[in-house]
Amino acid sequence: MSEDQIKNLETEFEARIARDEKIEPKDWMPEKYRQTHIRQMSQHAHSEIVGMLPEANWITRAPTLRRKVALLAKVQDEAGHGLYLYSATETLGISREEMYEQLHTGKAKYSSIFNYPTVSWADMGTVGWLVDGAAIINQVPLCDTSFGPYARAMIRVCKEESFHQRQGFEIMMFLAKGTPEQKEMAQDALNRWWWPSLMMLGPIDAESTHTDQSMKWKLKRKTNDELRQKFIDQTVPQADLIGLTIPDPDLKWNEERQSYDFGEINWDEFWQVVKGHGPMNKERMKARVGAWEEGQWVRDAAMAHAEKKQERKQKQAV
Ligand code: FAQ
């Protein structure tokens with residue numbers, strides 16, 4: 001293809017983005033658009049799958065049958081989200097095996113938030129309330145992202161995340177109005193999960209490598225800082241409502257901005273966790289790599305069965 005032809009394709013592509021048209025897998029797209037989508041979407045898929053682990057830890061210890069059923073359903077939903085997202089990413093020409101490889105070798109990231117331990121039942125409340133809450137804030141704008149398969153996957157994901165957020169908030173509400181010990185457990189969970197939840201939305205805009213380009217391509221519809229502010233403004237009144245205290249002495253309503261001012265985030269901690277030095281990084285990877293290796297016989301059996309079926313079909317045809 002000549003340089004002029006490529007320029008024309010690029011101009012047409014930019015015009016389609018400007019018109020808010022969806023880009024579909026078979027459409028021409030710049031290689032960088034394809035690569036940055038593979039990066040973000042596969043990392044999103046990995047986050048959903050790794051994100052099952054902190055909650056799976058509590059399925060056998062849920063305090064009532066109702067809580068157990070809800071938690072089980074939620075964890076299954078996360079598996080489904082991972083699968084939609086892996087499938088959507090495959091439409092960009094990368095195989096599932098390659099994506100797993102990237103996760104297992106540390107080449108691809110997954111969300112920092114899942115490298116923290118879930119040490120009490122109240123953590124199931126905070127994961128739903130804060131982690132899914134932040135995920136919704138981040139993902140609702142993604143329903144409007146420019147790549148068709150990603151945008152469509154996000155619509156269903158967001159509906160399910162909304163149930164997740166409510167089940168988490170309900171756990172917190174219940175604990176916060178329970179015995180002093182229960183309330184203390186809820187407050188302790190909020191104290192541990194608040195700051196990592198703010199970090200989960202990514203580095204500040206000034207230090208975000210991808211935001212500028214991703215906003216131009218309408219992959220991202222809001223910047224990391226915009227999402228973080230929205231999350232804080234939405235969540236603080238919810239904490240007030242159930243009588244819990246956000247662990248930030250600098251948190252203050254700003255009348256002029258009609259938003260909360262908040263304290264300094266420990267970005268050093270964030271980057272340590274992203275680089276693999278968080279409290280649970282090694283354990284999470286061990287679990288994922290172990291599941292992949294232990295599942296080899298299932299994949300082999302499925303392949304052998306498919307081959308046998310194919311052979312039988314061919315024999316019948318002759
Ligand atoms: N953790 O330039 P930016 C969920 C990396 S799903 C680790 O700002 P970008 C559901 C980033 O990759 C949660 N790494 O990056 C659930 C980049 O490194 P790279 C996941 C992070 O992509 C709930 C570098 O830092 N959600 O929770 C993080 O423009 C409960 C520079 O950053 C999604 O993935 C982080 N937190 O913005 C499941 C949503 N933040 O790749 C189970 C889709 C940044 O160059 C239980 N993703 N980095 O090596 C996004 O919206 C974006 O990718 C951001 C980051 C906003 C996460």
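Since we're looking at a predicted model, the values are computed, not measured. (Residues numbered from 1 in each chain as written. Predicted model: local features only at pLDDT ≥ 70, side-chain atom pairs only at ≥ 80, totals over all residues. Heavy atoms only, no water.)

Trainee: How would you summarise the overall build of the chain if you had to cite specific residues and measurements?
Mentor: Broken down by element type, the chain carries 13 helices and two strands. Overall, the chain is about 75 × 50 × 35 Å in size when its C-alpha atoms are taken along their principal axes. With an accessible surface of roughly 16900 Å², the chain has 55% of that area assigned to carbon and sulfur atoms. Here the chain contributes 43 positively and 48 negatively charged side chains, and the mean placements of these two sets differ by 6 Å. (Helix = DSSP H or I, 4+ residues; strand = E, 2+ residues; numbered from the N terminus. Areas by Shrake-Rupley, 256 points an atom, 1.4 Å probe, with all protein chains shown as cover. Lys, Arg positive; Asp, Glu negative; His and termini not counted. Charge placed at Lys NZ, Arg CZ, Asp CG, Glu CD.)

Trainee: How would you summarise the site of the ligand if you had to cite specific residues and measurements?
Mentor: In the region of the ligand, 36 residues are neighbours, and Lys-109, Ser-208, His-210, Lys-220 and Asn-224 sit closest. In this structure, Lys-109 approaches the ligand through a side-chain N or O atom, which is 2.5 Å from an oxygen atom. Between the ligand and Ser-112, the relevant distance is 2.8 Å, taken from a nitrogen atom to a main-chain nitrogen or oxygen of the residue. Its free accessible area being 1100 Å², the ligand has 92% of it covered by the protein chains. For the shell around the ligand, the elements supplying multiple residues, two or more each, are α2 (31-50), α4 (65-90), α6 (122-139), α7 (148-176) and α11 (267-277). Ranked by the residues each element gives to the shell around the ligand, the list is headed by α2, at six residues. (Near = heavy atom within 4 Å. Polar contact = N/O pair within 3.5 Å; in protein donor to acceptor, adjacent residues only side chain to side chain.)

Trainee: Let's hear about the layout of surface pockets: which residues, and what values?
Mentor: The calculated volume of the second largest pocket comes to roughly 190 Å³. Around the second largest pocket, the lining residues are Ile-49, Ala-79, Leu-83, Tyr-86, Tyr-100, Arg-288, Ala-291, Trp-292, Gly-295 and Arg-299. Broken down by secondary-structure element, the contributors of at least two residues to the lining of the second largest pocket are α4 and α12 (281-294). The class makeup of the residues in the lining of the second largest pocket is seven nonpolar, one polar and two charged. (1 Å grid on protein atoms, 1.4 Å probe; cavity = no way out; pocket = protein on both sides within 12 Å on 5 of 7 lines; lining within 4 Å. Points joined across faces, edges and corners; volume = space filled by probe spheres on them. Nonpolar A, V, L, I, M, F, W, Y, C, P; charged D, E, K, R; others polar.)

Trainee: Any details on the environment of Leu-227? Residues and values, ideally.
Mentor: Mapped onto the elements, Leu-227 comes out in helix α10 (residues 224-241). With relative accessibility at 4%, the residue Leu-227 sits in the buried group. Separated by 198 residues in the primary sequence, Leu-227 and Met-29 have C-alpha atoms spaced 27 Å apart. Those residues within four positions of Leu-227 in sequence are excluded, and the remaining contacts are Ile-137, Asn-138, Pro-141, Leu-201 and Lys-222. (Buried < 20%, exposed > 50% of the residue type's maximum accessible area, 1.4 Å probe, protein only. Contact = heavy atoms within 4.5 Å.)

Trainee: Hey, could you go over the side chain of Gln-165 for me, with residue numbers and the actual values?
Mentor: Tracing the backbone shows Gln-165 in helix α7. Taking relative accessible area as the criterion, Gln-165 reaches 12% and is therefore assigned buried. For Gln-165, the residues in contact, after removing those within four places along its chain, are Gly-128, Trp-129, Asp-132, Gly-133, Ile-136 and Gln-238.

Trainee: An account of a positive patch on the surface is needed here, citing residue identities and associated values.
Mentor: A cluster of basic residues, Lys-308, Lys-309, Arg-312, Lys-313 and Lys-315, forms a positive patch at the surface. Relative to the helices and strands, Lys-313 is located in helix α13 (residues 296-317). Here Lys-313 falls in the exposed class, since its relative accessible area comes to 59%. (Patch = residues over 30% accessible without salt bridge, like charges linked within 9 Å, V, L, I, M, F, W, Y side chains within 5 Å. Salt bridge = Lys/Arg side-chain N within 4 Å of Asp/Glu carboxyl O.)

Trainee: Outline the pattern of salt bridges, listing residues and values.
Mentor: This structure, assessed with the given rule, holds 21 salt bridges. In this structure, Glu-170 and Arg-67 form a salt bridge, with 3.0 Å as the shortest nitrogen-oxygen distance. Here Arg-67 lies in helix α4 and Glu-170 lies in helix α7, a separation of 103 residues in the sequence. Assessed through its relative accessible area of 28%, Glu-170 is described here as partly exposed.

Trainee: Outline the packing of aromatic side chains, listing residues and values.
Mentor: One pass over the full model with this rule turns up 12 aromatic pairs. Ring geometry for Phe-13 versus Tyr-33: centroids 5.0 Å apart, planes at 80 degrees, classification edge-to-face. Placement of Phe-13 in helix α1 (residues 3-18) and of Tyr-33 in helix α2 is noted, with a sequence separation of 20 residues between them. By relative accessible area, which is 0% here, Tyr-33 ends up buried. Cluster of aromatic residues (ring-pair linked, three or more members): Phe-13, Trp-28, Tyr-33 and Trp-217. One Lys or Arg, Arg-61, reaches over the ring of Trp-58 and ends 4.2 Å from the middle of that ring. The ring of Trp-292 carries Arg-299 above its face, with NZ or CZ at 3.5 Å from the centroid. (Phe/Tyr/Trp six-rings, centres within 6.5 Å; stacked < 30°, edge-to-face > 60°. Lys NZ or Arg CZ within 6 Å of the ring centre and 35° of its normal.)

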